[in-house]
Amino acid sequence: MILEVISVVIFSLYCFLFAEDFSDKNYELIFKTPPSEVTVKYIRPYYKNAKLMFDKIDSIYHVKFCKLGVLEEMRGKNLDNIDYLKRYRYISDINEIKNYCDDTVRNYQKDEIEKICFSAIKDKKIKLVLIEMIDDAVFRTNFEMTYKDGMKRYVFDSNLDLEEIVELKEKNSMKEEMHYDASGVLRKKITEKMKRFFDEISIYENDILKRKILKEYRTDNTLRKETISYYMPDGSISSKVVSEYDTKGFKDLECYYDSNLNLYRKIKYEHEFDEKGNWIKLIKYDITNGKKVFSVIVRELKY
């Protein structure tokens, strides 16, 4: 694929980036050349003397990256007035992982963590400990293991109680991601079936199909079209979003359909790019009836 995606949710070997949502947040973290930092500015456009102006900022989203993924992210009105600051600490060295496990077991006396750490370190299956912090307070800790057919992630809450177990398996052209609660009940499942020019992704919650994504690719592996279908509990379609991409893999057109598959909104994407090939300004136009500015996003990138 031409474009690289850096996701907030990191799996060291492979990751289903579609697992959490399909909002513009993902599109805002798509890069042709990965930066070290990005500041995303959400602009409130207006006209002054018949000229479109972009100097009114509603909010910002700032992200710093490291080689393992997202290092720090924040949202707010500006960099001096933030709503939250989220940091990520990655422990990948086996000796550092062992020290972290020893300290955690000694200080918190959590049997589940002791069991995971002891067996994973002994069998050399543990590859990463990912600690998530908000305002310097730990709110989630992830232990990631690798196996022959995939990976497993144990997720602990701020009290270091088991919150979730995520299993990822890959076989031939099929990927599966299963989310179990602390009692071992399957709460969410994501499957991906890959063919030569198509990917079909299905998201189930409590064994009910919620979303299905069909991605269609060109012969050069650039994304051509993406169709996201949202489902009601009875299996009927509640809505659909169809996105078309240009030959470089950037979004060009987005069409919204209701449950009767009637088109009710059509959005045109227009980008400005820097010398690295990354978009730095995105203007969305509502072209359902005529053409009017729908939203504006500006990205400031550091390499």
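Refer to the structure above for everything that follows.
Fair warning: this is a prediction, and the values are worked out from it, not measured in the lab. (Residues numbered from 1 in each chain as written. Predicted model: local features only at pLDDT ≥ 70, side-chain atom pairs only at ≥ 80, totals over all residues. Heavy atoms only, no water.)

Colleague: What should I look at first to understand the packing of aromatic side chains in this one?
Modeller: Centre distance and the angle of the planes are the two values used to describe a pair of aromatic rings. Counted under the stated rule, the structure contains 7 aromatic pairs. With a centroid separation of 5.9 Å and 20° between ring planes, the pair formed by Tyr 27 and Trp 279 is classed as stacked. Here Tyr 27, found in helix H1 (residues 24-28), pairs with Trp 279, found in strand E21 (residues 279-286); they are 252 residues apart in sequence, far enough to count as distant. Neither Tyr 27 nor Trp 279 differs from the other in exposure class; each is buried. For the pair Tyr 100 and Phe 143, a centre-to-centre distance of 6.3 Å together with 45° between the ring planes defines the contact as tilted. Note that Tyr 100 is positioned in helix H2 (residues 94-108) and Phe 143 in strand E10 (residues 137-147), a separation of 43 residues in sequence. The same class applies to Tyr 100 and to Phe 143, which are both buried. Linked through ring pairs, Tyr 27, Tyr 269 and Trp 279 together constitute an aromatic cluster. (Phe/Tyr/Trp six-rings, centres within 6.5 Å; stacked < 30°, edge-to-face > 60°. Helix = DSSP H or I, 4+ residues; strand = E, 2+ residues; numbered from the N terminus. Buried < 20%, exposed > 50% of the residue type's maximum accessible area, 1.4 Å probe, protein only.)

Colleague: Sorry if this is basic, but what is going on with the state of the cysteines here?
Modeller: Disulfides are covalent bonds that link the sulfur atoms of two cysteine residues. A complete count under the given rule lists 1 disulfide for this structure. Disulfide pairing is shown between Cys 101 and Cys 117; the S-S distance is 2.2 Å. The disulfide joining Cys 101 to Cys 117 has a torsion of about -65° about its S-S bond and is therefore left-handed. One end of the pair, Cys 101, is in helix H2; the other, Cys 117, is in helix H3 (residues 111-122), and 16 residues separate them in sequence. The exposure class of Cys 101 is buried, given its relative accessible area of 2%. (Disulfide = S-S within 2.5 Å.)

Colleague: What's the story with unusual backbone geometry in this structure? I'm lost.
Modeller: A negative phi holds for most residues other than glycine; trans holds for most peptide bonds. Even without glycine at this site, Gln 109 takes up a positive phi of about 50°. Counting through the fold element by element, Gln 109 comes out in the loop between H2 and H3. You can call Gln 109 exposed: its relative accessible area is 65%. For Asp 207, which is not glycine, the phi dihedral falls at a positive 70°.

Colleague: Could you clarify how one ought to interpret the pattern of salt bridges in this entry?
Modeller: Two side chains with opposite charge may pair up if their charged atoms get near one another. Tallying each qualifying case throughout the model produces 20 salt bridges. The partner of Lys 86 in a salt bridge is Glu 132, and the shortest N-O contact between them spans 3.4 Å. Remark: Glu 132 occurs in strand E9 (residues 126-134) and Lys 86 occurs in strand E8 (residues 81-91); sequence separation between them is 46 residues. Looking at Lys 86, the relative accessible area reads 12%, which means it is buried. Salt bridges linked by common partners bring Lys 64, Glu 72, Arg 87 and Asp 136 together as one network. (Salt bridge = Lys/Arg side-chain N within 4 Å of Asp/Glu carboxyl O.)

Colleague: Just checking my understanding: could you explain the pairing of strand E18 (residues 237-245) for this structure?
Modeller: Consecutive residues of a regular strand have side chains that alternate between opposite faces of the sheet. Taken together, the 7 bridges between strand E17 (residues 223-231) and E18 define a ladder with antiparallel strand orientation. Among the inter-strand pairings, Tyr 231 is bridged to a residue of E18, identified as Ile 237. Between E17 and E18, which pair antiparallel and follow one another directly, the connecting turn spans 5 residues, one of which, Gly 235, has a positive phi of 95°. The pairing of E18 with strand E19 (residues 251-257) spans 6 bridges and is antiparallel. (Pairing = 2+ DSSP bridges.)

Colleague: Which parts of the structure should I look at to understand the nonpolar core?
Modeller: Nonpolar side chains tend to gather and get buried jointly when the protein is soluble and globular. Tyr 27, Leu 29, Val 38, Val 63 and Phe 65 are the most contacted members of the largest nonpolar core, which totals 25 residues. Listing elements by their share of this core, those giving two or more residues are strand E2 (30-31), strand E3 (37-43), strand E6 (57-66), E8, E9, strand E20 (263-273), E21 and strand E22 (292-302). Beyond its immediate stretch of four places on either side in the chain, Tyr 27 contacts Tyr 245, Phe 250, Lys 251, Tyr 269, His 271, Trp 279, Leu 282 and Arg 299. Counting residues in hydrophobic clusters, the runner-up holds 21 residues, among them Cys 117, Ile 121, Ile 126 and Leu 162. (Core = buried A, V, L, I, M, F, W, Y, C linked by side-chain atoms within 4.5 Å. Contact = heavy atoms within 4.5 Å.)

Colleague: It is not clear to me how the pairing of strand E12 (residues 162-171) should be interpreted in this structure. Could you clarify?
Modeller: Pairing of strand E11 (residues 150-156) with E12 involves 7 bridges; the strand directions are antiparallel. Paired with Lys 152 across the two strands is Glu 167, which belongs to E12. Where E11 hands over to E12, the hairpin turn is made up of 5 residues, of which Leu 160 adopts a positive phi near 60°. Examined bridge by bridge, E12 and strand E13 (residues 174-181) share 8 bridges and lie antiparallel to one another. Each residue of the ladder has a partner; that of Lys 169, found in E13, is Glu 176. Counted between consecutive antiparallel strands, the loop separating E12 from E13 contains 2 residues, among which Asn 172 sits at a positive phi close to 55°.

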